[in-house]
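A look at the structure
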Amino acid sequence: MRPLLRAEISSRALRGNLARVRAVAPGRRVLAVIKANGYGHGLVEVARCLAGADALAVARLEEAVALREADITLPIVLLEGVFDAASLAEAARRGFELVVHDASQLALLEAAPATQRHTVWLKLDSGMNRLGFAPAGFRAACARLQALGGKLDTLRLMTHMASADLPGEAQTSAQLARFAEACAGRMEEVSIANSATLFSRPDAHGDWVRPGLCLYGASPFADREGHDLGLVPAMRLASTVIALHDVARGEGVGYGATWRALRDSRIAIVAAGYGDGVPWTLPSGTPVWIDGRQWPLAGRVSMDMIAVDVTGSGVRQGDPVVLWGPELPVERMAAAAGSIAWQLLCAVAERVPRVVS
Ligand SMILES: *Cc1c(COP(=O)(O)O)cnc(C)c1O
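Description of the structure in this document. (Residues numbered from 1 in each chain as written. Predicted model: local features only at pLDDT ≥ 70, side-chain atom pairs only at ≥ 80, totals over all residues. Heavy atoms only, no water.)

**Quick notes on the overall build of the protein chain**
Put simply, the rule reads: Per the convention used, a helix needs a DSSP run of H or I reaching at least four residues, while a strand needs a run of E reaching at least two, with both numbered from the N terminus. Residues are treated as being in contact if the distance between any of their heavy atoms lies within 4.5 Å. Only the protein chains shown count as cover for residues, and all accessible areas are computed by the Shrake-Rupley method using a 1.4 Å probe. By the counting scheme adopted, Arg and Lys are positive, Glu and Asp are negative, and His together with the chain ends is not counted. Where a charge lies is defined by one atom per residue type: Lys uses NZ, Arg uses CZ, Asp uses CG and Glu uses CD.
Of regular secondary structure, the protein chain possesses 11 helices and 18 strands. By its C-alpha atoms, the protein chain is 75 × 45 × 35 Å across when sized along the principal axes. In the protein chain, 63% of the contacts between residues at least 6 apart in sequence involve partners at least 24 apart. With the model as given, the accessible surface of the protein chain reaches about 15400 Å², and the carbon-plus-sulfur share is 53%. The centroid of the 37 positive side-chain charges in the protein chain is displaced by 2 Å from the centroid of its 36 negative side-chain charges.

**Examining the side chain of T197**
Inclusion rule: Buried, partly exposed and exposed residues are distinguished by accessible area as a fraction of the type maximum, computed with a 1.4 Å probe on protein chains only: under 20%, between the cut-offs, and over 50%, respectively. N or O atoms closer than or at 3.5 Å make up a polar contact, with two conditions inside protein: a donor-capable atom paired with an acceptor-capable one, and, for residues adjacent in sequence, both atoms drawn from side chains.
Residue placement: T197 occurs in helix α9 (residues 195-200). Note on T197: relative accessible area 0%, which makes it buried. One polar contact links T197 to N194, side chain to side chain, over a distance of 2.6 Å. Setting aside chain neighbours within four positions, we find T197 in contact with M161, A164, I192, P202, A204 and H205.

**A word on helix α5 (residues 85-94)**
Residues spaced three or four apart along an α-helix point in a common direction, a consequence of the helix completing one turn every 3.6 residues. Put simply, the rule is: This arc is built from the directions going out from the helix axis to the C-beta atoms.
Considered for burial, the residues of α5 that qualify are S87, L88, E90 and A91. Projection of α5 onto a plane perpendicular to its axis shows the buried side chains occupying an angular sector of 160°, all on one side. In α5, the exposed positions angled more than 90 degrees off the buried face are occupied by A85, A86 and R93. Looking at the buried positions of α5, the neighbouring elements they touch are α4 (61-69), β5 (97-100), α6 (103-111) and β6 (118-124). By the N-cap criterion, in which a side-chain oxygen at the helix start approaches the backbone nitrogen of a residue two or three places on, α5 is capped by D84, the distance to A86 being 3.2 Å. Of the residues flanking the end of α5, it is G95, one or two places downstream, whose phi is positive at about 75°.

**Re the nonpolar core**
Operational definition: Among buried residues, those of type Ala, Val, Leu, Ile, Met, Phe, Trp, Tyr and Cys that are joined through side-chain atoms within 4.5 Å constitute a nonpolar core.
Counting residues in hydrophobic clusters, the biggest one holds 115 residues, and the most contacted among them are I34, L67, L122, I290 and W324. Broken down by element, the residue count for this core peaks at five residues, all from helix α3 (residues 43-49). Not counting chain neighbours up to four residues away, the residues in contact with L67 comprise I34, L43, V44, A47, L56, V58, I72 and I76. The next biggest cluster of nonpolar side chains, apart from the first, holds eight residues, and it includes V247, I269, A298 and A307.

**Considering the pairing of strand β17 (residues 320-324)**
As a reminder of what qualifies: A pair of strands counts as paired when DSSP detects no fewer than two bridges linking them.
Taken across its five residues, β17 has four buried, putting it largely inside the fold. Pairing of strand β10 (residues 235-247) with β17, which is carried by four bridges, proceeds in the antiparallel orientation. Across the sheet, the residue bridging to T240 is P320, located in β17. By the bridge criterion, two bridges tie strand β14 (residues 287-290) to β17 in an arrangement that is antiparallel. Bridge pairing in β17 links I290 to V321.

**Thoughts on the site of the ligand**
Formally: Only heavy atoms are used to decide nearness, and a residue is near a molecule or strand if one of them lies within 4 Å of it. Put simply, Ala, Val, Leu, Ile, Met, Phe, Trp, Tyr, Cys and Pro go in the nonpolar bin, Asp, Glu, Lys and Arg in the charged bin, and everything else, Gly too, in the polar bin.
In the vicinity of the ligand lie 14 residues, with K35, Y39, S195, G212 and L213 positioned nearest. In this structure, W342 approaches the ligand through a side-chain N or O atom, which is 2.9 Å from an oxygen atom. Starting from 390 Å² of accessible surface for the ligand in isolation, the protein chains cover 91%. The class makeup of the residues in the shell around the ligand is six nonpolar, four polar and four charged.

**Observations regarding a nonpolar patch on the surface**
Heads up, the rule is: Each patch is built from residues that are more than 30% exposed by relative accessible area and take part in no salt bridge. Like charges join if they lie within 9 Å; nonpolar side chains (Val, Leu, Ile, Met, Phe, Trp, Tyr) join within 5 Å. When a carboxyl oxygen of Asp or Glu lies within 4 Å of a side-chain nitrogen of Lys or Arg, that pair is called a salt bridge.
On the surface, a cluster of nonpolar side chains totalling about 340 Å² of accessible area is made up of Y274, W280 and M303. Judged by relative accessible area, which is 45%, M303 ranks as partly exposed.

**Topic: the pattern of salt bridges**
Taken as a whole and assessed by the stated rule, the structure comprises 20 salt bridges. Through salt bridges with shared partners, a single ionic network connects R6, E8, R236 and E327.

**Things to note about the packing of aromatic side chains**
Worth spelling out the cut-off: Planes of paired rings set the category: under 30 degrees apart is stacked, over 60 is edge-to-face and the rest tilted, where pairs are Phe, Tyr or Trp rings (Trp by its six-membered ring) whose centres lie within 6.5 Å. Each ring is checked for a lysine NZ or an arginine CZ that lies within 6 Å of its centre and within 35 degrees of its normal; such an atom marks a charge sitting over the ring.
With the rule as written, the count across this model stands at two aromatic pairs. For the pair Y39 and Y216, a centre-to-centre distance of 4.6 Å together with 15° between the ring planes defines the contact as stacked. Of this pair, Y39 sits in helix α2 (residues 35-39) while Y216 sits in the loop between β9 (208-209) and β10; the two residues are 177 residues apart in sequence, bridging distant segments of the chain. Side by side, Y39 and Y216 carry an identical accessibility label, which is buried. Arranged with centres 5.3 Å apart and planes meeting at 75°, the rings of W121 and W208 form a pair that is edge-to-face. Here W121 is found in strand β6, whereas its partner W208 is found in strand β9, with 87 residues between them in sequence. Here the guanidinium or amino end of R293 rests over the ring plane of W295, the centre of that ring lying 3.9 Å away.

Function cannot be inferred from these measures alone, as they are strictly geometric.
Put into structure tokens, the structure is as follows:
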């Protein structure tokens with residue numbers, strides 16, 4: 001029995017996108033970012049498909065634990081680090097690597113038992129003003145880490161780019177200059193590049209690139225889609241037509257009757273709604289792929305359903321529908337919703353079965 005609505009995950013696309021990252025950043029190591037349930041694709045499933053990465057990154061300890069419990073053996077980096085001694089001990093026990101971005105995390109390491117060993121990614125706030133040490137405190141933070149002696153296994157240096165999706169943006173060069181200055185004369189490996197930096201700033205690949213979105217086949221740039229970057233969508237959000245209606249001219253469709261038939265129309269009802277992660281903000285007219293063609297959304301997105309104007313078609317109950325995937329890039333639906341591909345992918349609800357092939 002095939003689920004009416006499912007997220008079909010292509011292991012081949014994930015592996016191919018990783019290969020594409022390696023081709024774009026030759027010789028660099030790849031820290032594959034799989035936080036937020038593998039950008040909605042399934043945390044453990046994605047980790048298995050990306051076994052060819054050099055390490056995996058998640059945001060929180062719980063995600064890392066779930067990976068280890070599933071016997072994922074690659075190094076795992078906690079992008080926000082840990083915030084209490086018990087979590088630090090757990091990280092040491094399981095060998096998780098830590099981002100250290102503020103003084104309280106340094107103090108935790110200093111207070112830890114001498115038996116713990118940690119690989120630390122020290123983060124500079126080069127101008128995003130989210131996480132990281134200010135440039136003025138960065139060298140002192142390095143010194144405190146080095147004073148940990150045997151508790152410090154490996155030290156790496158990192159920063160995060162705020163505006164690399166806008167090529168030519170002055171902020172990116174300013175951030176890179178601050179990071180270069182903070183690292184001047186140091187021998188540690190460095191990591192800078194998210195997906196946008198990876199594709200737009202080959203001069204800023206560093207030793208470790210940190211791609212997220214591009215591994216899933218989507219583009220971080222507003223004016224380009226994954227295909228333009230040599231990427232293949234790893235998720236197809238696939239559904240089914242569950243009903244058809246003939247609607248007379250002048251009738252409304254859906255909540256609030258925000259769409260009205262300008263002519264006698266045929267409406268397909270599709271099993272996919274905001275309860276599955278389809279954005280409620282999608283306007284009428286947003287393209288939906290049904291049986292080989294694109295048709296316009298008609299009216300508001302419901303919790304479990306959408307309506308699509310298929311007037312003049314031979315669409316039938318049971319026909320296949322694609323909300324996004326290789327047939328229709330997620331970037332387009334994200335733009336129509338006033339959102340971003342990252343959000344649509346990670347908002348795919350838990351009730352949607354992930355089918356990996
Ligand atoms: C999420 C994240 C990434 C990946 O970003 P993408 O834009 O999805 O490539 C890289 N580095 C850090 C610190 C992140 O939080």
